[in-house]
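In case you want the letters, here they are:
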Amino acid sequence: MDTIYSLASARGKAGVAVVRVSGPLSSSVLQQLSGRGPTGRAPSLRRLVDGDGVLIDEALVLFFVAGHSFTGEDVCEFQTHGSPAVVSALLDTLGRIDGLRLSDPGEFTRRALENGRLDLAQVEGLADLIEAETEAQRKQAIRVFDGALGAKADEWRIDLIRAAALLEATIDFADEDVPVDVTPEVISLVTSVRHDLLGERRGASAAERIRDGFEVAILGAPNIGKSTLLNALAGRDAAITSSVAGTTRDIIEVRMDLSGLPVTFLDTAGLRETEDEVEAIGIQRALDRSARADLRVILVDSAGPPASVTIGPDDIVLSAKADLSGGDGISGLTGQGVEQLVSDVTKRLETLASGASLAIRARHLEALDAGISSLQTALDELDRGMEWAEIAAEELRTAIRALESLVGRVDVENLLDEIFASFCLGK
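Residues numbered from 1 in each chain as written. Predicted model: local features only at pLDDT ≥ 70, side-chain atom pairs only at ≥ 80, totals over all residues. Heavy atoms only, no water.

Q: Any details on the overall build of the protein? Residues and values, ideally.
A: On a plain count of helices and strands, the protein comes out with 15 helices and 11 strands. Radius of gyration (C-alpha) of the protein: 29 Å, far over the 22 Å computed for a compact globule of 427 residues. Its C-alpha atoms put the protein at 80 × 80 × 35 Å along the principal axes. Across the 427 residues that make up the protein, the buried fraction comes to 47%. Long-range pairs, those at least 24 residues apart, make up 63% of the contacts in the protein between residues at least 6 apart in sequence. Entry remark: accessible area of the protein is about 20900 Å², with carbon and sulfur atoms responsible for 50%. The positive charge centre, built from 42 side chains, and the negative charge centre, built from 69, are 6 Å apart in the protein. (Helix = DSSP H or I, 4+ residues; strand = E, 2+ residues; numbered from the N terminus. Rg over C-alpha atoms; globule rule 2.2 N^0.38 Å. Buried < 20%, exposed > 50% of the residue type's maximum accessible area, 1.4 Å probe, protein only. Contact = heavy atoms within 4.5 Å. Areas by Shrake-Rupley, 256 points an atom, 1.4 Å probe, with all protein chains shown as cover. Lys, Arg positive; Asp, Glu negative; His and termini not counted. Charge placed at Lys NZ, Arg CZ, Asp CG, Glu CD.)

Next up, the structure:
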């Protein structure tokens, strides 16, 4: 492979900047820039010079031999002072060395995949880890990056390979007396794996929400205090408030971190019958978006909820404008009940998140669905008798291929460019 280089830390002024080099020329690069090659695995302080021998900077240098680096290749890492001028001079010097080229987005991680250091699920976990904004997102991403999904897939695959091997043996000796009936063990293995896949599939929705964020819609009649409540939750004037009913026409979103969970609160148009075409569009959008939300907070007054809203068992219903009524309820203006609302929303969403699985992407779900379907077909064929064992065995092989695609062993080449395009140059 080519030897590649890139800035691995963020651009701009910083205390330290990190520049990576990966490939067969890494040792030679270190020799050219510092006057000597690698001297063991310990970090060393080196003076780095350009092609004319002019000092670039004094840097901490780390060298990782092939098989012990992130990419699986020889890797040299330069930790320089974080001046843009220093970084520019170092990158310019690297660019003038024959055999080196600037890395493509995600190329370091792609090499880790190609060299067996990561599976594809781990790569996706790394991408999510880089994008994580909350503690829940970090924990979920690190589990996938740590190889938990790949480990599960390997366990399922081993069980299915044994089940398929038992069936193949039965098929091969169909004309002879087989001393042991393998059907019970095969059915037990297949049923167990299918049960695990179904459990993983059920938790996928919660995992997706942790990754992309939960949505909480605030609903109610016009001028009931929805925008004031949103502003109180956000701690700023995110929405326009007015005594004029129908001020909010479009959906206003505020993203928050609730105990590590990413949550977006939605301020929606006031729900009522109207002849105003623009307001009617806003009301319909409010109803459509709230139907897809994970949780609804419905503000009511003495007239009860709007006619277009049917209260569900999971809805949080609160009396609005408690500052005026003087009773229990919530008031975005005074803050009454806001802290309790945040607590209630957090508990509800934590309950939803508790069942999250490791399957966090649409590709994972497709693989799980394909595996579940094939295993069910295999069980159906086995129920019809061992004369259908050959078809059942083929369905098991299909399920095994689905699990292999889960971690990138087969049928994912067309996805790689899209996946790695989301990475930065130094990753």
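Q: Can you tell me about the environment of Val338, naming the residues and giving the values?
A: Along the chain, Val338 falls in helix 12 (residues 338–353). Separated by 118 residues in sequence, Val338 and Gly220 have C-alpha atoms that sit 16 Å apart.

Q: Go over the sheet that holds strand 9 (residues 261–267) with me, naming the residues and quoting the values.
A: In spatial order, the strands read 8-9-7-10-11; together these five strands make up an open sheet with mixed pairing. The outermost strands of the open sheet, each flanked by one partner alone, are strand 8 (252–258) and strand 11 (316–319). Ignoring strand direction, the axes of neighbouring strands in this sheet form an average angle of 25°. In this structure, strand 7 (residues 214–220) lies alongside strand 10 (residues 295–300), joined through five bridges in parallel fashion. Looking across to strand 10, one finds that Leu219 is bridged to Ile298. (Pairing = 2+ DSSP bridges. Axes fitted to C-alpha atoms, helices over the stretch in contact; angles between N-to-C directions.)

Q: Which residues make up empty space enclosed by the protein, and what values do they have?
A: Tallying each qualifying case throughout the model produces one cavity of 30 Å³ or more. Here the largest cavity defines a volume of roughly 40 Å³. Counting residues per element, the ones that place at least two in the lining of the largest cavity are strand 3 (44–49) and strand 4 (55–64). The leading source of residues in the lining of the largest cavity is strand 4, at three residues. For the lining of the largest cavity, the class distribution of residues is six nonpolar, three polar and one charged. (1 Å grid on protein atoms, 1.4 Å probe; cavity = no way out; pocket = protein on both sides within 12 Å on 5 of 7 lines; lining within 4 Å. Points joined across faces, edges and corners; volume = space filled by probe spheres on them. Nonpolar A, V, L, I, M, F, W, Y, C, P; charged D, E, K, R; others polar.)

Q: Report on the packing of helix 4 (residues 120–131) against helix 5 (residues 135–145), specifying residues and quantitative values.
A: To characterise two packed helices, one gives the angle between the axes of the helices and the distance between these axes. Interhelical geometry of helix 4 versus helix 5 gives an angle of 155° and a closest axis separation of 7 Å. One element, helix 4, and the other, helix 5, form an angle in the roughly antiparallel class. With respect to the hand of their crossing, helix 4 and helix 5 are arranged in left-handed fashion. Within the contact between the two elements, helix 4 uses Ala121, Gln122, Gly125, Leu126, Asp128 and Leu129 and helix 5 uses Arg138, Ala141, Ile142, Val144 and Phe145. When grouped by side-chain class, the residues that make up the contact of helix 4 with helix 5 number seven nonpolar, two polar and two charged. (Parallel < 35°, antiparallel > 145°, perpendicular 65-115°, else oblique. Left-handed = near helix turned anticlockwise from the far one by under 90°.)

Q: So what's going on with the nonpolar core? Residues and values would help.
A: Formed by 39 residues in total, the largest nonpolar core has its most connected members in Phe265, Leu299 and Val345. No other element matches the five residues that helix 12 contributes to this core. Discounting chain neighbours no more than four positions away, the residues touching Phe265 are Val216, Ile218, Leu230, Leu233, Ile252, Glu253, Val254, Met256, Leu258 and Val345. With 28 residues, the next largest nonpolar core counts Trp156, Leu160, Leu189 and Leu396 among its residues. (Core = buried A, V, L, I, M, F, W, Y, C linked by side-chain atoms within 4.5 Å.)

Q: Which residues make up the pattern of salt bridges, and what values go with them?
A: Inspection of every chain in the model, using the stated rule, returns 25 salt bridges. Its salt-bridge partner being Arg101, residue Asp2 comes within 2.9 Å of it at the nearest N-O pair. Of this pair, Asp2 sits in the segment before strand 1 (3–7) while Arg101 sits in strand 6 (residues 100–102); the two residues are 99 residues apart in sequence, bridging distant segments of the chain. Exposure remark for Asp2: the relative accessible area of 42% places this residue in the partly exposed category. You can call Arg101 partly exposed: its relative accessible area is 27%. Each member of the salt-bridge network shares a partner with another, and the members are Asp2, Glu73, Arg101, Glu107 and Arg111. (Salt bridge = Lys/Arg side-chain N within 4 Å of Asp/Glu carboxyl O.)

Q: Could you give me a rundown of the pairing of strand 3, with the residues and numbers involved?
A: Covered by surrounding structure in strand 3 are Ser44, Arg46 and Leu48 only, the residues Leu45, Arg47 and Val49 on the alternate face being uncovered. Linking strand 3 to strand 4, which pair antiparallel, is a turn of five residues; within it Gly53 sits at a positive phi near 85°.

Q: Explain the packing of helix 7 (residues 183–202) against helix 13 (residues 362–383) to me, using residue names and the numbers behind them.
A: Interhelical geometry of helix 7 versus helix 13 gives an angle of 150° and a closest axis separation of 9 Å. For the element pair helix 7 / helix 13, the angle class is roughly antiparallel. For the crossing formed where helix 7 meets helix 13, the hand is left-handed. Contacts between helix 7 and helix 13 involve Val186, Ile187, Val190, Thr191, Val193, Arg194, Leu197, Leu198, Glu200 and Arg201 from the first element and Leu365, Leu368, Asp369, Gly371, Ile372, Leu375, Gln376, Leu379 and Leu382 from the second. For the contact of helix 7 with helix 13, the per-class residue count stands at 12 nonpolar, three polar and four charged.

Q: Hey, could you go over the sheet that holds strand 1 for me, with residue numbers and the actual values?
A: If you trace the six strands from one edge of the open sheet to the other, you get 3-4-5-2-1-6, paired in mixed fashion. Each end of this open sheet is capped by a strand with a single partner; those strands are strand 3 and strand 6. Adjacent strand axes in the sheet meet at a mean angle of 30° when their direction is disregarded. Two strands pair when backbone bridges link them, and strand 1 and strand 2 (residues 14–22) are joined in this way by four bridges, in the antiparallel orientation. Looking at strand 2, one finds that Tyr5 is bridged to Val21. Packed on one face of the sheet, helix 1 (residues 26–34) meets strand 1, strand 2, strand 3, strand 4, strand 5 (75–82) and strand 6 and runs near 70° to strand 3.

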